[in-house]
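# Breakdown of the fold
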Amino acid sequence: MNSKMYRKKSGPGGKIISLMALLLVMGIFLLPCSAFAQSFVVKGTVKSVDGTETMPGVNVLIKGTTQGTATDIDGNFSIEVPSSQSVLVFSFIGFKQQEIRVGNTTTLSVAMEPDMSNLSEVIVVGYGTQERAKVTGAISSVGSEAIRSLPVPNLASAIQGRAAGVQVTNAGAPGTDPIVRVRGIGTVGNNDPLYVIDGVPAGGLNQINPADIESIEVLKDASAAAIYGSRAANGVILVTTKKGVIGKPKVTFDSYYGTQQAWKQLDLLNRDQYIAFGRELLANGNQPAPQRFDNLGDLANVETDWQGEMFRSAPIQDHNIAISGGTESVLYNVSMGYFSQEGIMKGTDFERISFRSNTDFKLNKYVSIGQTLTFAYSNRNNEPFTGGRSQLEHIVKQVPYIPVRDDSRLGGFRAPDRVDGSDPENPVLNAEIRTNRQQDFKILGTAYIDVMPFEGFKYRFLAGIDIGIGQNDQYTPRFFAGDFNNQPFATIAQSRSTFVSPLFSNQFSYQKTINKHSFDLLAVIEQQTFRSTNLNGSGQNNLTNDVRVLQGVQNQVTSGSQTDYALISYIGRINYDYDQKYLFSASIRQDGGSRFGPNNKWGTFPSVSAGWRLSQETFMQSLTAISDLKIRASYGETGNDRIGDYVYQGTINSNHFYNFAGSLQGGSTISALANTDLRWESTIMKNIGMDLGLFNDRFNLSFEYFDNTTEGMILGVPIPPSLGFDGAPIANVGTVKNTGLEFTLGYRKYTGDFQFSIDGNLGFVSNELVSLGSGNTIFGPAFNGDPYTFTEEGQPIAYFYGWIADGLFQTGESNTAQPNARPGDIKFRDINNDGVINASDRTNLGHYLPDFTYGLNFNGSYKNFDITMFLQGVQGNEIFNNLRFHTEGMTRLFNASTVVLDRWTPNNTNTTVPRAVSGDPNRNARASSRFVEDGSYMRVKNIILGYTIPTATLNSLTNGYVSKVRIYFLTQNPLTFTKYSGYDPEIAARTGINSSLGTGIDYGQFPAARTFIGGIQFTF
């Protein structure tokens, strides 16, 4: 067939075609020659609009082409243009884009004006980006500069106080994850948001270096989050890491070093006060004083400050180096970081080594490829929890006349003996000779290929992988510190865990503008799988403390587990706007997951939203003060699939034995019923918002109202014991509602020598468990037999639960409702007025969710000086201060707070502190309002002072090799305003406690530190 075709061309028609081809080839060669003949070089300098500073790194592009350059360290550029009709486009983040026609000029002087308007800002949304002006959903965004202004170890801490409606509660211990709640709590199960890092839903937040982050977006309503379907009910946090920009290689180095200290300590009894208190406590309980009280012997001159022994000045440091740059064909950003933080309590620390490489390659006008890759290693020494007690509990209980060390005892430490009548452990011993070390390795990467066969259409294939490898080593040697604090043999426990999650995503997008109509279409097909494995081993060594591995040990026990989960998804979205006035967006996602019953494997999650930019209407043009006014609304459905694996299946218990003919035989039975109809928890989200910009967006205001209703919350369903099952089957039966308001406002002044910006946010949320359906009421974590939280219909999830303390009994008062009470004991309120104080008199004592949260950030600069101040707070929440049970409970002999010096005695009756009585016959220390405190606080999180060396001075000192040097000093948590009496009002959940049911209970959690830091930043 080809030979016939060529023969046909050899005729007259073929000659014509050949001639045309020859002319075309000649044209191809002649055109560049002609262009070359007309081309010339344009040079120039780019400065700030006030002319005080040159601007390095400004992108200079010939409009309509991919040919460009960037300004050098002095703001100079040089570019060859094809003709005098060429237009140069100058762009730089935070400044207005400028277009200048070259004409016959060969030298240009360009002044860049700051862009006060944020409407043209492009923010990350699910599976793409969008201009902020066209956004119809509720999205909060935090940029890289704000992230790096805080010395935080992880990305979640970086958004604390910076996003309205997002509550972040930090745990003070190094390397521990904060608790993040987006718009309240929708379930008694897992309320954590979904984290998506460079397009991959992933975990291991402590392994992500904040210095590598370009932006964080929080998707709060269905319009923004529903595109993540069954995982978006608790909000979605998108993390985008830094990539290269066009320009010559730029090297940045950022380093800081500082010291941390405890910002508060409690007043505890000294030795003499302790002995006097102990005698009275025991005498009131008809118990003898300890033998040691009568003769301290060699301990007579010992008075140990256990807080002073455990708290320390701890260093913190962070060092990062990055190189970035690129051309029209290649962009790159490579970085490496080291972070180290010792805890302010002995025995705790965290360090991380991270490496990141992001590259993008444009192969031709149709095909681009790229990748992101993170390697990270972290090492954390955890706070030991021994005897069910935290280290702070050991500290406040410890006997003040006991020395820390005693070389005569095995291990070299000292703790109380029986003659001391008390049994707290030595916290310094726990910190120094017990080991609880967690090591984690993280690999998170993506690779993509973009194919753009015609204008507006793009196909992206993205492959991602999230790999986590963990290793935990726990070791306790043989020691003898006291009769109650000893270990007769060495114990060894080790665990190994792996997590592997590959993602494959096919993404199709199309953008088209027809006159004033703009369309943005998206379709995605993707699959993500998850596999977790765990292997545990433990044993004892009776011979030596030198062997710390599971070899040659006694009583060795091993166990292991493996879980698998898979999710396949189909996604569609359309964004439409007419003339950037009338905005519309709709999305739908269908998820199929293996966690749910065979009858509900698939779920559908739609959303729709609309916006109206009134500021673009002609009738608004006379209102020149209004630069932007947009109202928007959204409705949609999201899901929560984090309920655990295989929970819809029946549970078989093999730990049963039956006597057959005198011999025990093993057997198995079904211990819980299956539920093949189990599905994800669904949240219906409604949102109304308004965005206002005034005076060219110098002033900005955003308002949100939301109503989120979670349906099908998963709970245990009560069944009669006669059915013979050990556990209640689970089903979708509960309903929860969260409603609230959010406000964000800011003002910017970017002219003159003194420039500043101030931003604030305020978020209100109200939580209610509307219905339990046929589910059980839920008790939270308990202490001494009393549940501290309770969940029932008509109340917020996990409200504090207990009795109301109503004063003290005085001599001669009737105690018929509390027959065990004596003068000086607490009276508890008879809620149901039945004349008896019992479990029926427990009631709602408050809740850990605040009425509102807020944050305020100020950034200012005067010439080369800069200052940043950031404060954050919560208002209207309560804390259940269980640590006061240990410092003021007076139930048995331990050290106590100086508050007990004001305890009730026959000679001191005008007090609110009950009498000291060992055994606590009236249960004065029961869960009650006595221990519930106002947890409101306002904390100055950061004050930063910086100085940037002038460019001219740098040029003369470094011969132009260094483009920027900034020196800064900062203090973190310098001031905290609170009425809370504990160590720290920022209370996360204790290790091992359900964070949805146990947040806000202070068992003695690790407190936040006050930090002082000095740092330096270089740019080469």
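This text goes with the structure placed above it.
As a starting point, this report considers the structure included with it. (Residues numbered from 1 in each chain as written. Predicted model: local features only at pLDDT ≥ 70, side-chain atom pairs only at ≥ 80, totals over all residues. Heavy atoms only, no water.)

## Details of the overall build of the protein chain
We count it as follows: Helix and strand definitions here come from DSSP, where helices need a minimum of 4 consecutive H or I residues and strands a minimum of 2 consecutive E residues; each element is numbered from the N-terminal end. Only protein chains enter the area calculation, which uses a 1.4 Å probe; residues under 20% of their type maximum are buried, those over 50% are exposed, and those in between are partly exposed. Whether two residues are in contact is decided by their heavy atoms: any pair within 4.5 Å suffices. Under the convention used here, Asp and Glu are negative, Lys and Arg are positive, and both His and the chain ends fall outside the count. Think of each charge as sitting on NZ of Lys, CZ of Arg, CG of Asp or CD of Glu.
Helix and strand counts for the protein chain come out as 13 helices and 52 strands. The principal-axis extent of the C-alpha atoms belonging to the protein chain is close to 120 × 75 × 70 Å. In the protein chain, buried positions account for 50% of the 1020 residues. In the protein chain, the share of contacts with a sequence separation of at least 24, taken over all contacts with a separation of at least 6, comes to 69%. For the protein chain, the distance from the average site of its 84 positive side-chain charges to the average site of its 92 negative ones is 7 Å.

## Examining the sheet that holds strand β2 (residues 59–62)
Using the following cut-off: Two strands pair if DSSP finds at least two bridges between them. Each axis is a line fitted through C-alpha atoms, taken for helices only over the stretch in contact, and angles between the N-to-C directions span 0 to 180 degrees.
Taken in spatial order, the four strands line up as β3-β2-β5-β6 in an open sheet, and their pairing is antiparallel. Looking at strand neighbours, the two that pair on one side only are β3 (68–70) and β6 (98–101), the edges of this open sheet. Put simply, the sheet's adjacent strands are angled 20° from each other on average, direction ignored. Across three bridges, β2 lies against β3 in antiparallel orientation. Looking at β3, one finds that Val60 is bridged to Thr69.

## Some words on the packing of aromatic side chains
This is how it is decided: Pairing of aromatic rings covers Phe, Tyr and the six-membered ring of Trp, with a centre-to-centre limit of 6.5 Å; geometry is then stacked below 30 degrees between planes, edge-to-face above 60, and tilted otherwise. Lysine NZ or arginine CZ positioned within 6 Å of the ring centre and within 35 degrees of the ring normal marks a charge as sitting over the ring.
According to the stated counting rule, one finds 35 aromatic pairs in the structure shown. Taken together, the ring pairs in this structure connect Phe783, Tyr788, Phe800, Phe880 and Phe885 into an aromatic cluster. Lying over the aromatic face of Phe894, Lys397 brings its terminal NZ or CZ to 4.3 Å of the ring centre. Stacked on the ring of Tyr565, the Lys or Arg Arg595 has its end atom at 3.9 Å from the ring centre.

## As for the environment of Ala158
On the secondary structure map, Ala158 appears in helix α4 (residues 155–158). Spatially, the C-alpha atoms of Ala158 and Ile987 are 17 Å apart, while their sequence positions differ by 829 residues. What Ala158 contacts, discounting residues up to four positions off in sequence, is Val142, Ile147, Leu150 and Val152.

## What about the pairing of strand β20 (residues 349–362)?
Two strands pair when backbone bridges link them, and strand β19 (residues 330–342) and β20 are joined in this way by 13 bridges, in the antiparallel orientation. Directly across from Asn333, in β20, lies its bridge partner Asn358. As consecutive antiparallel partners, β19 and β20 are separated by six residues, and within that stretch Gly347 has a phi angle of approximately 90°, a positive value. Pairing analysis gives 14 bridges linking β20 to strand β21 (residues 367–381), with the strands arranged antiparallel. If you follow Phe350 over to β21, its bridge partner there is Arg380. The turn joining β20 and β21, which pair antiparallel and follow one another in sequence, is formed by four residues.

## A few points about the nonpolar core
Put simply, the test is: The set of buried Ala, Val, Leu, Ile, Met, Phe, Trp, Tyr and Cys residues whose side-chain atoms join them within 4.5 Å is what this entry labels a nonpolar core.
If you look at the biggest cluster of nonpolar residues, it comprises 43 residues, and the most contacted ones within it are Tyr274, Phe277, Tyr401 and Tyr983. With five residues, the single largest contributor to this core is helix α6 (residues 271–284). Not counting chain neighbours up to four residues away, the residues in contact with Tyr983 comprise Trp263, Lys264, Gln265, Leu266, Gln307, Phe311, Leu392, Ile395, Val396, Leu883 and Pro1007. The next biggest cluster of nonpolar side chains, apart from the first, holds 29 residues, and it includes Leu769, Ile778, Ile797 and Ile1001.

## Here's the deal with the sheet that holds strand β10 (residues 139–143)
Across the sheet, five strands lie side by side as β10-β15-β16-β13-β14; this open sheet has mixed pairing. Of all strands in the sheet, those bounded by a partner on one side alone are β10 and β14 (200–201).

## Here we look at the environment of Trp904
Filter applied, for reference: Any pair of nitrogen or oxygen atoms within 3.5 Å is treated as a polar contact; in protein, a donor-acceptor pairing is required on top of that, and neighbouring residues in sequence qualify only through side-chain atoms on both sides.
The residue Trp904 is located in the loop between α11 (883–888) and β49 (932–934) in this model. According to the relative accessible area criterion, Trp904 is buried, its value standing at 7%. Between the alpha carbons of Trp904 and Gln818 there is a distance of 18 Å; along the sequence they are 86 residues apart. If sequence neighbours within four positions are ignored, Trp904 has contacts with Glu280, Leu808, Phe809, Gln810, Thr811, Pro823, Gly824, Thr909, Thr911, Val913, Pro914 and Arg915. Side-chain polar atoms of Trp904 contact the side chain of Gln810, separated by 3.0 Å.

## Considerations on α6
The following threshold applies: Multiplying 1.5 Å by the helix residue count minus one yields the expected span of that helix. Note: the arc covers the axis-to-C-beta directions of the helix.
Its 14 residues give α6 an end-to-end C-alpha distance of 20 Å, which sits within 8% of 20 Å, the value for a rise of 1.5 Å per residue. Those residues of α6 lying buried are Arg271, Tyr274, Ile275, Phe277, Gly278, Leu281 and Leu282. Down the axis of α6, the sector holding all buried residues measures 170°, keeping them to one side. Buried residues along α6 sit against α7 (291–294). With a side-chain oxygen lying 3.2 Å from the backbone nitrogen of Asp272, the N-terminal cap of α6 falls on Asn270. Phi for Asn286, located one or two positions after α6, is positive at around 60°.

## Description of the side chain of Lys581
Looking at the element boundaries, Lys581 is found in the loop between β28 (554–578) and β29 (582–593). When near neighbours in sequence (up to four residues on either side) are disregarded, Lys581 contacts Gly611, Trp612, Arg613, Gln616 and Glu617.

## Structural notes on unusual backbone geometry
In this structure, Arg183 takes a positive phi of about 60° despite not being glycine. Among the secondary structure elements, Arg183 is positioned in the loop between β12 (179–182) and β13 (194–197). Despite not being glycine, Arg923 has its phi angle at roughly 55°, a positive value. For Arg923, a relative accessible area of 31% translates into the label partly exposed.

## Some thoughts on the environment of Gly650
In this structure, Gly650 sits in the loop between β31 (626–640) and β32 (651–660). Each C-alpha atom, one on Gly650 and one on Leu673, is 4.8 Å from the other, the two residues being 23 residues apart in sequence. Non-local contacts of Gly650, meaning those with residues more than four positions away in its chain, are made with Ala672, Leu673 and Ala674.

## Re the pattern of salt bridges
Threshold: Between Lys or Arg on one side and Asp or Glu on the other, a salt bridge is scored when a side-chain nitrogen of the former is within 4 Å of a carboxyl oxygen of the latter.
Per the stated rule, a full pass over the model turns up 50 salt bridges. Close ionic contact of Arg414 with Asp406 constitutes a salt bridge, the shortest N to O distance being 3.0 Å. Residue classification places Arg414 among the buried positions, given a relative accessible area of 7%. Classification of Asp406 as buried rests on a relative accessible area of 14%. Each of Arg292, Asp406, Arg409, Arg414, Asp417 and Asp420 takes part in a single network of salt bridges with overlapping partners.

## Here's the deal with the side chain of Thr887
In this structure, Thr887 sits in helix α11. Using a relative accessible area of 5% as the deciding quantity, one classes Thr887 as buried. The residues touching Thr887, leaving out its near neighbours within four places in the chain, are Val396, Ala896, Ser897 and Val900.

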